[in-house]
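As a plain string of letters, each chain reads:
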Amino acid sequence: CDWQRERFTMDEGLSAAVIEAFVSLYRKKLIYRGNYIVNWCPRCTTALANEEVDHKTETSHLYYIRYPGEGGTEGVIVATTRPETLFGDTAVAVNPKDSRYKKLVGKNVFLPILNRLIPIVGHPMVEKGFGTGAVKITPHHDPNDFKMARDLNLPGITVIDEKGILTREAGPLAGKERFAARKETVALLQENGLMVKVEDYQHSVGRCYRCETIVEPHLSRQWFVRMKPLAAPALALAKKNKPKFYPGRWQKVYRMWLENIEDWCISRQIWWGHRLPVYYCQECLAENVGAGLHPRPPEADLVNLSPREGTQPLPYTNEKGTIVSKTKPEKCPNCGSANLVQDPDVLDTWFSSWLWPFSVLGWPEKTKDLSAFYPTNILVTAPEIIFFWVARMAMSGLEFTGKLPFNQVYIHGTVRDETGRKMSKSYGNVINPLEIIDEVGADSLRFSLISFASQGQDLFIGRKSFTLGRNFANKIWNASRLVIGRAQEEGIPPHLTSPRWGEELSYSQRWILSELETCRRSVDKNLKALRLNEAAARLYQFFWHTYCDWYLEMVKIDGQEKKNKNSLACAVFVLEQFLRLLHPFMPFITEEIWSRLKEEGLISDEAKSLSLSAWPKAKQGHHHPELNLQFNLLQETITAIRDLKREFGIPAGQPIQALLRIPEEKITVFDSGRNYLVRLAGLSDFQVVSTHQRQKMEAARLLSAGEVFLPLTGLFDTVREKQKLEKELTGLEGELAKIASRLADSQFRNKAPQEIIGREEARQEQLLEKQARVKEQISFLE
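A few points on the structure. (Residues numbered from 1 in each chain as written. Predicted model: local features only at pLDDT ≥ 70, side-chain atom pairs only at ≥ 80, totals over all residues. Heavy atoms only, no water.)

**Brief notes about the sheet that holds strand β26 (residues 683-689)**
Spatially, four strands are ordered β26-β25-β28-β27 in an open sheet, and the strand pairing comes out mixed. The two strands at the open ends of the sheet, each matched to only one other strand, are β26 and β27 (698-703). For this sheet, the mean inter-axis angle between neighbouring strands, taken without regard to orientation, is 20°. Where strand β25 (residues 656-661) and β26 come together, six bridges link them in parallel fashion. Bridging from a neighbouring strand, R661 pairs with V689 of β26. Sitting on the sheet, helix α18 (residues 625-647) touches β25, β26, β27 and β28 (706-711), and the angle it makes with β27 is about 145°. (Pairing = 2+ DSSP bridges. Helix = DSSP H or I, 4+ residues; strand = E, 2+ residues; numbered from the N terminus. Axes fitted to C-alpha atoms, helices over the stretch in contact; angles between N-to-C directions. Contact = heavy atoms within 4.5 Å.)

Take a look at the structure:
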């Protein structure tokens, strides 16, 4: 982070960018003002964009209401979830293809309670399968009703005001709060015998993302951005997978939203935000009112919704006296009056956010920062703001700069607790990262989180999760101290870019350098693909298991036998290269160790800091995949011998003979690695043969290429070992019986969490494998 470039939403520079964008879009007729059904929060008393409404499935009721027919006929029964809005009904609609109602289209019914005559109309938007197939049309309180009314030239009536209170058009329920009015409406309908039935009903309910108040569809005069012209260039690039999403499944979500985009309501009736750069001439507005044109439709007005193509909001009839300007004009360009008032509304906060990639760099000015740093490379964000932010930034970038603001989008998961719940203060399951840093360090926190963060998947963590990073940091620190201490003792010279040992490189040195190059390639590949956890896992495996468990042990052997210093010099070189690869994941410990290497003269690098040093590049002649495979066989053999010794109670340090049945083409690895096999496996000697039949009192273990045999005659008490194994077998069988009983219990299967059942099944599998091994050993001893 460059704190010299700190920015805040309301900074003067960012405000200038917002005004520039608004005026530019307005002049291109991409911003307009219109009357339209918007999402309205009665508590916040402001409009909300579609993306600011949280939709959740909730249980409510479906009310079946009879609308009596004209002339004493039965009329129709409509189904609705919002009976309190019926006072604003201006029609009943049916699907024109619905045979049940074809003869009724064009006839009238009485509006319940108010007894006002309204028509029965036909429209294809009506779903024949919903309720009775007949629906009430309330144009000012439902977006679909608004569209149908506009197509059919129906009027609209506002019966719920900006605070959720019923207006005087609601007759006997005027002044009632909307949900209290629902109960009283139902009571009145029941009294008049017009409530046919009430059913439980699950449907999607929209709530304000700020305060969770149920959103009210509300006819309001707002400012909108025409999004289809802005989305077209972004959609064309989206079809070419630009920007590229990680994981790729979000590419389709992003593209579908662009394909189905609707106009964006950008005005808000709240006290905080960028003020609209819109000014109204009071003289011209007075003239408009005198001509019967109102700045906002009065609540009681019957507003005519004339037919229009498409689904765009209706523009205001007369824009005379409305001035959009970067600065407040001195006078009205229409009448010359200086009596100008700025629009009190502010812009949706996302209107400034969609400009962020270039506004923070000085746009609309052509600054050096903008030239140097725009466009950026990658955006890292959450899935829930793909629509709010990601798509809008792409559209604004193309509109105002001609370039996408980023070419990659990484969608990260959500951090959850161990039970899968989202971390929340109300749940009391939040982990404070500062506390974790105090306990285990910042590097441990970073590495643990990255290790658990599979691409696009949620993270399930608890306080114990961070021991992974802590233990790794301890391992790095202790191993580095060992290498630096030994190098100081031996007087190892610095090696700047790669080992300069020529033909003196030993078998183990060539192997570890090849493993380092394999690790580097894997890390590069995973970072490029944004598989950060896989890159972290590869570094962990290389350092802990390849470098520490194997190579440093070989360095000790070389040192004990007073062989060349190159094995230790190679250890220093590999450590330094590893620190460079690990630095983005654990910057503090790697910087500290690297600085110590430099201070002790063990490395020569012009960089003043590890963060400024070069990223490791491919080393000529270091990559030998076939050598890695050969060495894997040597490691496998050492591990097999260690395991057999442990299983039969033979001390690890007790030298014994070994016989290896190895294919002839694989034998060279044991010639080259003879010294390491003897010392690390604890052998007195070994023999390699191409064929061998297992003898009595010979323990055996299969290898990926061959088999290892250990003659055990005289090495342990067979009777006592058999008794010990039989006792172990009895314990295993008892534990397996308990688990089998538990897993066979239907109540346990039905009530226990799936993770507990999975844990029991995994434990059963482990015990069965162990039981098989113990039986095999007993059989061998018999």
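There is more to say, and it comes next.
**Digging into the pattern of salt bridges**
Evaluated as defined, the whole model comprises 34 salt bridges. Between R580 and D605 there is a salt bridge, with the nearest N and O atoms lying 2.5 Å from each other. Placement of R580 in helix α16 (residues 566-582) and of D605 in the loop between α17 (587-599) and α18 is noted, with a sequence separation of 25 residues between them. Residue R580 shares its accessibility class with D605, and that shared class is buried. Salt bridges sharing partners connect three or more residues here, namely R82, E84, R178, R182 and E216. (Salt bridge = Lys/Arg side-chain N within 4 Å of Asp/Glu carboxyl O. Buried < 20%, exposed > 50% of the residue type's maximum accessible area, 1.4 Å probe, protein only.)

**Quick notes on the sheet that holds strand β18 (residues 322-324)**
For sheets, the rule is that strands pair by backbone hydrogen bonds, running either parallel or antiparallel. Here we have three strands laid out as an open sheet, ordered β18-β15-β19, and antiparallel in their pairing. A single partner strand is all that each edge strand has here, and the edge strands are β18 and β19 (340-342). Between one strand axis and the next, the sheet turns through 30° on average, direction left out of account. For strand β15 (residues 278-281) and β19, the ladder comprises three bridges, and the chain directions are antiparallel. Looking at the pairing, C281 lines up with L340 of β19.

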